[in-house]
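# Summary of the model geometry
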Amino acid sequence: MSSIEDKIKGVANQVTGKIKEEVGHVTHDEKLEAEGIAQNLKGKVQKGVGDAKDAVKSGIDKL
């Protein structure tokens, strides 16, 4: 998977997770809120992987 794909999927998971978290909070659905928190964190990790791939590629390109 390319760094761009990682970043896009990461941001999508962050947005979806935040929506689930907020809906769960408003509706007092603790399970949905927890799922949202987990999905948001997963998205942050995915975006971080994309950023790391870019950093490695930039480092290699400078060699």
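Residues numbered from 1 in each chain as written. Predicted model: local features only at pLDDT ≥ 70, side-chain atom pairs only at ≥ 80, totals over all residues. Heavy atoms only, no water.

Operational definition: UniProt positions are given in the numbering used here, feature names are shortened, and annotations may be inferred rather than shown by experiment.
The name recorded for the chain in an unreviewed UniProt entry is UPF0337 protein bsl2407, from Gluconobacter kondonii. Quoted verbatim from the Sequence similarities (unreviewed entry) field of UniProt, the annotation for the chain is "Belongs to the UPF0337 (CsbD) family."

## Notes on the environment of Q46
The condition is simple: Strands here are runs of E lasting at least two residues and helices are runs of H or I lasting at least four, both read from the DSSP assignment and numbered beginning at the N terminus. Contact criterion: two residues are considered in contact whenever any of their non-hydrogen atoms come within 4.5 Å of each other.
If you trace the backbone, Q46 turns up in helix α2 (residues 30-62). For Q46 and T16, which are 30 residues apart along the polypeptide, the C-alpha to C-alpha distance reads 14 Å. Those residues in contact with Q46, other than ones at most four positions away along the chain, are D6, K9, G10 and N13.

## Let's talk about the pattern of salt bridges
Rules: Salt bridges are counted wherever a side-chain nitrogen of Lys or Arg sits within 4 Å of a carboxyl oxygen of Asp or Glu.
Inspection of every chain in the model, using the stated rule, returns seven salt bridges. The salt bridge involving D51 is made with K7; its shortest N-O contact spans 3.5 Å. Of this pair, D51 sits in helix α2 while K7 is found in helix α1 (residues 3-26), placing the two residues 44 residues apart along the sequence. When the shortest N-O distance is used, the salt bridge between E35 and K31 registers 3.9 Å. In this pair, E35 and K31 are both assigned in helix α2, four residues apart and thus about one turn of the helix distant. Salt bridges sharing common partners tie together K7, K47, D51 and D54.

## Quick notes on a nonpolar patch on the surface
Stated formally: Excluding any residue in a salt bridge, patches collect residues exceeding 30% relative accessible area, merging like charges within 9 Å and nonpolar Val, Leu, Ile, Met, Phe, Trp and Tyr side chains within 5 Å. The method behind every accessible area is Shrake-Rupley, applied with a 1.4 Å probe, and residues are considered shielded solely by the protein chains displayed.
A cluster of nonpolar side chains, V11, V15, I19 and V23, forms an exposed patch at the surface whose accessible area comes to about 320 Å². With respect to the element layout, V11 can be found in helix α1.

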